[in-house]
Number of protein chains: 2
Amino acid sequence: MARSSVTPETKKPSARDRLLAASDELFYNEGIHTVGIDRVIEKAGVAKGSLYCIFGGKDQLIETYLFNRHQAWMEVVQRGMDAADDPRAKILAVFDELGTLFAAPDFRGCAFVNATAEALPGSPEDLAAGKFRGWIHELFFSLAVAAGAVSPRVLADQLVVLYDGANTTAQMDKTAAPAVVAKGMVRMVLDSSSYVS
Amino acid sequence: MARSSVTPETKKPSARDRLLAASDELFYNEGIHTVGIDRVIEKAGVAKGSLYCIFGGKDQLIETYLFNRHQAWMEVVQRGMDAADDPRAKILAVFDELGTLFAAPDFRGCAFVNATAEALPGSPEDLAAGKFRGWIHELFFSLAVAAGAVSPRVLADQLVVLYDGANTTAQMDKTAAPAVVAKGMVRMVLDSSSYVS
DNA sequence: ACGGCTTTGGACAGATCTGTTCGATATCAC
DNA sequence: GTGATATCGAACAGATCTGTCCAAAGCCGT
């Protein structure tokens, strides 16, 4: 998944990349606190010493894991929005991307919501989640502005709730349907909010 | 909070109840895997032997913790709905209760969503979350039917997404506002869905 | 007051966790 | 090849975790 450094596509990935791939899968699937370092290095096929040489500790590994998740998801969303022309279509495209995300067999909810569930305030997980939330809010606010909504703040808040709702419902009920349900409500709030253009 | 057995209100609570009060606070605030048994028994002021005599192990303590959370929340919602007369008002009442929940200083999201974040499939947490989800869906579906919606299934699905969205957004952004935002969208979907009566 | 039950405190076992250390080995640039 | 660097393997330390055990002390109904 999320490659951190620019590694040539040839040969076997570096220890760092194998570590990141393994921690991504394990942390996401089973939870950050649930998974020990030993599980990660075993899956990555990397010596424990290398992990502490490369990352310095579990905390930094977690940080990088969340950073890469953030980065990868931003890129997916960006690509989805690029394929749409007008702001309204871009907003809907975000929820389309959510739909394909939910349909992935290993979907287990938003990594940041899950990390927050087992994070103490001020922990690396909490800080990463804060950055992610900032991005989400900026994304929907700028889209709401671009869409020419009379109250972009209101529209953005609604979109955030629908985004989070789709995510959580899909995770808890193990179905991709909430993406469609949320998209319907997105159309509703878009229609209810008056446009300038 | 959630008292499990019928204990007289006099004197100091039983070891079992102190254990449940402590685990409720610790598990909810810091996560289930994050908190060890020692923390729980220390906060409860109970010997470790008592815990294993009363509950048999951490798993059963977790089960009871989640069971009581489910029970307590059901009662709050029920009381809120009882104070409303028509189905539409009952639906809105659920989101009002969410609002006061979010405003509580120790709100940290839905206990079942958080538990699922660190739970493996088939674990006690996962099973408890499944029961909770069943209740949520039944609740909104029966309310949708009672409200005379043309497609109660559709309305119920929308309400579930709005419920989950309000919860998650409030948790992640540490604000009670999503209850109001969601309530606005609830009115929207209620108005869009045609009524028989 | 007595007997049954709960609870206590603390020691103990075994597993697992993070993190450290270090000599041996693989890899790669030159 | 040679040297620098990355990585390995494995043992080790110290903390923490769940769970067990048991004799002593407290509590409660009768």
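Note that the structure is predicted; figures quoted are calculated from it, not measured.

Time to look at the domain arrangement of chain A. Residue and element names in this part refer to chain A. As assigned here, chain A comprises domain 1 (13-56) and domain 2 (66-193). Between the C-alpha centres of domain 1 and domain 2 there is a distance of 28 Å. Counting residues at the interface gives nine residues for domain 1 and ten residues for domain 2. For the pair domain 1 and domain 2, the summed buried surface comes to about 860 Å²; carbon and sulfur atoms form 43% of the total.

This part covers the protein's contact with DNA strand D. Around DNA strand D, the surrounding shell holds 16 residues, and the nearest of these are Ser50 of chain A together with Ile37, Lys48, Tyr52 and Lys58 of chain B. Considering DNA strand D, the proportion of its atoms within 4 Å of the protein that are sugar or phosphate atoms stands at 56%. The side chain of Arg18 of chain A places a nitrogen or oxygen atom 3.4 Å from a phosphate oxygen of DNA strand D. Interatomic distance of 2.4 Å between a backbone N/O atom of Ile37 of chain B and a phosphate oxygen of DNA strand D. Looking at which element gives the most residues to the surface near DNA strand D, the answer is helix α3 (residues 48-54) of chain B, with three residues.

With the rule as written, the count across this model stands at zero disulfides over all chains. Residue Cys110 of chain A stays outside any disulfide, its sulfur separated by 15 Å from that of Cys110 of chain B, the closest cysteine. Residue classification places Cys110 of chain A among the buried positions, given a relative accessible area of 11%.

The partner chain A presents 38 residues to the 38 residues of chain B that form the contact. For the pair chain B and chain A, the summed buried area comes to about 3100 Å², and 67% of that belongs to carbon and sulfur atoms. The largest per-residue losses of area from chain B upon contact with chain A belong to Ala117, Val161 and Met172 of chain B, which jointly make up 20% of the total buried on that side. The interface formed by chain B and chain A holds four salt bridges in total. Here Asp173 of chain B makes a salt bridge to Arg133 of chain A, at a shortest N to O gap of 2.9 Å. The tally of links between chain B and chain A comes to eleven residue pairs in polar contact (both at pLDDT 80 or more). When contributions to the side of chain B that touches chain A are tallied by element, the ones reaching two or more residues are α6 (111-117), α7 (124-146), α8 (152-173) and α9 (177-192) of chain B. Per element, the largest residue contribution to the side of chain B that touches chain A is 13 residues, and it comes from α8 of chain B.

Residue and element names in this part refer to chain B. Mapped onto the secondary structure, Thr64 falls in helix α4 (residues 58-82). Judged by its relative accessible area of 16%, Thr64 falls in the buried class. Not counting residues up to four positions away in its chain, the partners in contact with Thr64 are Arg16, Leu20 and Phe55.

Before going further, it helps to spend a moment on the pattern of salt bridges. Tallied over the entire structure, the rule returns 20 salt bridges over all chains. Put simply, Asp191 of chain B and Arg88 of chain B hold a salt bridge, and the shortest N to O gap is 2.9 Å. Note that Asp191 of chain B is positioned in helix α9 and Arg88 of chain B in helix α5 (residues 87-103), a separation of 103 residues in sequence. Taking relative accessible area as the criterion, Arg88 of chain B reaches 24% and is therefore assigned partly exposed. Of the charged contacts, one joins Lys183 of chain B and Asp96 of chain B as a salt bridge, the two residues approaching to 2.5 Å between their closest N and O atoms. Separated by 87 residues along the polypeptide, Lys183 of chain B in helix α9 and Asp96 of chain B in helix α5 bring together distant segments of the chain. On the accessibility criterion, Lys183 of chain B (18% relative accessible area) is buried. Look at the salt bridges and you will find they share partners, linking Arg133 and Asp164 of chain A together with Asp173 of chain B into a network.

A word on the packing of aromatic side chains. Residues and elements named next belong to chain A. For the structure shown, the criterion picks out twelve aromatic pairs over all chains. Judged by centre distance (4.9 Å) and plane angle (50°), the ring pair of Phe102 and Phe107 falls under tilted. We classify Phe107 as buried; its relative accessible area is 14%. A ring pair is formed by Phe112 and Phe132, whose centres lie 4.2 Å apart and whose planes are at 10°; its orientation type is stacked. Of this pair, Phe112 sits in helix α6 (residues 111-117) while Phe132 sits in helix α7 (residues 124-146); the two residues are 20 residues apart in sequence, bridging distant segments of the chain. Of the two residues examined, Phe112 and Phe132, each falls in the buried class. The cationic tip of Arg69 hangs over the ring face of Tyr28; the distance from NZ or CZ to the ring centre is 4.0 Å.

Reading guide: rules and limits
- Residues numbered from 1 in each chain as written.
- Chains lettered and ligands numbered in written order.
- Predicted model: local features only at pLDDT ≥ 70, side-chain atom pairs only at ≥ 80, totals over all residues.
- Heavy atoms only, no water.
- Domains from an automatic or database assignment.
- Contact = heavy atoms within 4.5 Å.
- Buried area = accessible area lost by both parts, 1.4 Å probe.
- Near = heavy atom within 4 Å.
- Polar contact = N/O pair within 3.5 Å; in protein donor to acceptor, adjacent residues only side chain to side chain.
- Helix = DSSP H or I, 4+ residues; strand = E, 2+ residues; numbered from the N terminus.
- Disulfide = S-S within 2.5 Å.
- Buried < 20%, exposed > 50% of the residue type's maximum accessible area, 1.4 Å probe, protein only.
- Salt bridge = Lys/Arg side-chain N within 4 Å of Asp/Glu carboxyl O.
- Phe/Tyr/Trp six-rings, centres within 6.5 Å; stacked < 30°, edge-to-face > 60°.
- Lys NZ or Arg CZ within 6 Å of the ring centre and 35° of its normal.

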